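Structural overview for review
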Amino acid sequence: MTSSIARFAISVLTSDRVGIMRGITAAVADLGGNIEGISQTVVQGYFTVILIAAFPHDVTANAITDTVAAACPCGKGSVLVRHAGSVVPAPPPGPRYILTLMGREAPGILKQLTAYLAEKGINIEDWYFRVDGPAVTHIGEITVPPRLDIRQLQDDLRALLEPRDLRVHCRHENLFRATNEIESIRRMLGTEPGSDKV
Amino acid sequence: MYRTDNVLETVRMLQEENLDVRTVTMGINLTDCADRNMDTVTGAVHAKITRKARNLVRICDEVSSRYGIPIINKRLAISPASVLLEGHGPREAVRLAQALDAAAAAIQVDLIGGYTALVQKGITSGERVLIESLPRALSLTERLCASVNIASTRAGINADGVLMVAEAIVRLAMATRERHGFGAAKLVVFANSAEDNPFMAGAYLGAGEPECVINVGVSGPGVVKRAVERLVSSCPGCTLDEIAETVKHTAFRVTRTGELIGREVAERLGVPFGVLDLSLAPTPRVGDSVGEIYQAMGIARIGAPGTTAAVALLNDAVKKGGAFASASVGGLSGAFIPVMEDHALAAAVAEGSLTLAKLEAMTAVCSVGLDMILVPGDTEAVTLAGIILDEAAIGVVNRKTTAVRIIPVPGAKPGDHVNFGGLFGSGVVMAITAPGGGADFARHGGHIPAPIQSLGN
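So, here is what we can say about the structure in this document.

What counts as what
Residues numbered from 1 in each chain as written. Chains lettered and ligands numbered in written order. Predicted model: local features only at pLDDT ≥ 70, side-chain atom pairs only at ≥ 80, totals over all residues. Heavy atoms only, no water. Contact = heavy atoms within 4.5 Å. Buried area = accessible area lost by both parts, 1.4 Å probe. Polar contact = N/O pair within 3.5 Å; in protein donor to acceptor, adjacent residues only side chain to side chain. Helix = DSSP H or I, 4+ residues; strand = E, 2+ residues; numbered from the N terminus. Buried < 20%, exposed > 50% of the residue type's maximum accessible area, 1.4 Å probe, protein only. Pairing = 2+ DSSP bridges. Axes fitted to C-alpha atoms, helices over the stretch in contact; angles between N-to-C directions. Core = buried A, V, L, I, M, F, W, Y, C linked by side-chain atoms within 4.5 Å. Salt bridge = Lys/Arg side-chain N within 4 Å of Asp/Glu carboxyl O. Parallel < 35°, antiparallel > 145°, perpendicular 65-115°, else oblique. Left-handed = near helix turned anticlockwise from the far one by under 90°.

Our focus in this paragraph is the interface of chain A and chain B. Contacts between chain A and chain B engage 37 residues on the former and 30 residues on the latter. Summing the contributions of chain A and of chain B, the shared interface buries around 3,000 Å²; its carbon and sulfur component is 58%. Taken together, chain A and chain B are joined by eleven residue pairs in polar contact (both at pLDDT 80 or more). Counting only elements with at least two residues in the side of chain A that touches chain B, the list comes to strand S5 (96-104), strand S6 (123-132), strand S7 (135-143), helix H4 (150-161), strand S8 (166-172), helix H5 (173-180) and helix H6 (185-190) of chain A.

With that settled, consider the pairing of strand S7 (residues 212-218) of chain B. Residues and elements named next belong to chain B. Counting buried positions along S7 yields seven of seven residues, so the element is predominantly enclosed. Burial along S7 is two-sided: Cys212, Ile214, Val216 and Val218 facing one way and Val213, Asn215 and Gly217 facing the other are all buried. Where strand S1 (residues 21-28) and S7 come together, seven bridges link them in antiparallel fashion. Of the residues in S7, the one forming a bridge with Thr25 is Asn215. Pairing of S7 with strand S8 (residues 273-278), which is carried by four bridges, proceeds in the parallel orientation. In the strand pairing of S8, Ile214 is matched with Phe273.

Residues and elements named next belong to chain A. With antiparallel pairing, four strands are arranged side by side in an open sheet as S6-S7-S5-S8. Each edge of the open sheet is held by one strand with a lone partner, namely S6 and S8. Ignoring strand direction, the axes of neighbouring strands in this sheet form an average angle of 15°. In the sheet, S5 pairs with S7 via nine bridges, with the strands oriented antiparallel. Within S7, the position partnered with Tyr97 by the bridge is Ile142.

On to the sheet that holds strand S3 (residues 46-56) of chain A, then. Residue and element names in this part refer to chain A. Strands sit in the order S2-S3-S1-S4 across an open sheet of four strands; the sheet is antiparallel. Bordering the open sheet on either side are strand S2 (34-43) and strand S4 (79-83), each of which pairs with just one other strand. Along the sheet, successive strands turn relative to each other by an average axial angle of 15°, direction set aside. Note that S2 and S3 share nine bridges and pair antiparallel. When the bridges of S3 are listed, Thr41 appears paired with Thr48. Lying over the sheet, helix H1 (residues 20-30) contacts strand S1 (5-15), S2 and S3, oriented at roughly 15° with respect to S3. Of the strands in this sheet, S1, S3 and S4 are in contact with helix H2 (residues 61-71), which crosses S4 at around 155°.

Another aspect to go through is the nonpolar core. Within soluble globular proteins, side chains that are nonpolar tend to cluster in buried spots. Counting 156 residues, the largest nonpolar core has Ile49, Tyr115, Ile150, Ile214 and Leu314 of chain B as its most contacted members. With ten residues, the single largest contributor to this core is helix H8 (residues 240-269) of chain B. Each residue touching Ile49 of chain B, except ones within four places of it in the same chain, is listed here: Ile28, Leu30, Arg54, Leu76, Ile78, Leu100, Ala103, Ile107 and Ile112 of chain B. Listed in part, the 21 residues of the second largest apolar core include Phe47, Val49, Leu51 and Val79 of chain A.

Residues and elements named next belong to chain B. Taken as a whole and judged by the stated rule, the model has 35 salt bridges over all chains. The partner of Asp61 in a salt bridge is Lys74, with the nearest N and O atoms 3.3 Å apart. A residue pair is termed long-range when its members are at least 10 positions apart, and Asp61 in helix H3 (residues 56-67) and Lys74 in strand S2 (residues 71-78) qualify at 13 residues. Residue Asp61 is classed as partly exposed on the basis of its relative accessible area, which comes to 30%. When its relative accessible area of 11% is taken as the criterion, Lys74 is described as buried. The residue Lys225 makes a salt bridge to Glu229 at a minimum N-O spacing of 3.6 Å. Of this pair, Lys225 and Glu229 both sit in helix H7 (residues 221-234), separated by four residues, roughly a single helical turn. On the basis of relative accessible area, Lys225 is assigned to the buried category, the value being 15%. Using a relative accessible area of 27% as the deciding quantity, one classes Glu229 as partly exposed.

All names here are of chain B. Close contact between helix H4 (residues 90-106) and helix H5 (residues 125-139) brings their axes to 9 Å; oriented N to C, the two are set at 60°. Judged on the interaxial angle alone, H5 and H4 are oblique. For the crossing formed where H4 meets H5, the hand is right-handed. Listed contacts from H5 to Pro90, Ala93, Val94 and Ala97 of H4 are Val129, Ser133, Arg136 and Ala137.

Everything listed here is a matter of geometry and, on its own, says nothing about what the molecule does.
What follows is the structure, given as structure tokens:
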């Protein structure tokens, strides 16, 4: 028995202007699709979006590419479409931490940092950075495997980056929820997925 | 995904504005350790404290690492020790004090409070023994802190108790004269004491509290000061209600941080979480001062006209922000004005703009009272009693906690500089107006009846 829907991951990268999202969402709707997840941002004038959508099973990747490219409008090279499978992958286990990195901008910071995170099995879920003159600020949301000792991780990061004139901190995400949301702290702690070893 | 400006604001509070958890204080009920044999009492006290709190420091350190927030002090607050002294004498009292001190050292907490007597309406034999033992108990121990509640809105003021405590302060200062009377910095005299206050020297586990509980004191004067500075800098014409609103929003964030830490520590220890005390408690460090907040508001010289209103504005806004942030706000929750522990207040005293009389006015609207005040070493006990009576009257009539932590510095005169070091800070010995002028009043003793406000039922 074949599934009646097909799920696709769609990404678009193009110069930013008003109305791109309107074009993309209209194209998806016109093909009978339903958007299940979306992440969009603009980086230095470039619009980028990734979305997951479910379509009737007879809709093809080529049809999606053509329709989205025409609706944006942008070239077909700006649109990438992939089968997403029918099962939503489970997020990596472990609590989420917010990694902040501030200091002097220099080439190779991200290469060094991401190599360390990958080696430890730490998943990057979101990343942002901003350069302001000679200074750089990175903010990353990461998932730390429960087996890792957070104090050791913090020590390692300091040893890795402080010689480059960078201040690095890794703090559990609940701190940022507590200071910026109004949800009860008790509920915040009770609904926390997984636990970490500290 | 988190808003980057929110993330950076939180990081800035921690990294640049000295936000910390000032204390995680475990309350422990020790009343079941009472016995006619003091050996049995001290053994039971040591066993119970080390059993209940053996993991306190380790777990605080773990939670501190997880959130990247310093937890400055780990402390204990026991049920009033006077209960354990019923039927005992002064010598046994000192042994109990030393046993408490040793237990605190064994589990490496910074301080232990609760060498306490509650005498607002009358004095039992155990409470009398405790008060009389204070000079030796506090001079022979390091970590032990003591408090005596001598008044409440319901009971009035126990003037006999005030005289006894004043005598004890003078003797305690003399017993620690080689340290400029430092022992008196570990004793606080209360009106309307808070049963769940986590801050020292006045923390104890009061009646109605659980068998064991975690109370948290969170501070952050540096965060509030910077928030006010940013507002005034970006909007020089801002109004006082806009300043109050800014303080309130900042207090919300600080409170939430403290509750997060407190609840997680309590959960890991397997004990109930009690209260979050949001008190702007300064340290001698620059940037961690309550006095600097008043300066940021526009009080260039602390003690000048307007200062009391600034204290009232701050204290109220802190309470409102805290109350919105958490249903567990308790303790003292407001602005402290411990003169020696706040470099800006200490400087104002040194330059003469902040006097004892002005401080007393400020205590009518701040969260506690006359705190860490140095006075001449030849100050008589009756004069100290008069100061305590005045402060208690403010608390009793206004239905609020007030306190006196006053240090007669042996051999010192007004204007002399004294340095206790560390978090206790330094300061200048203050002059007392007409010392002894109210001696006959204080010597009457007896009881000042409860005010009409107490008849609320």
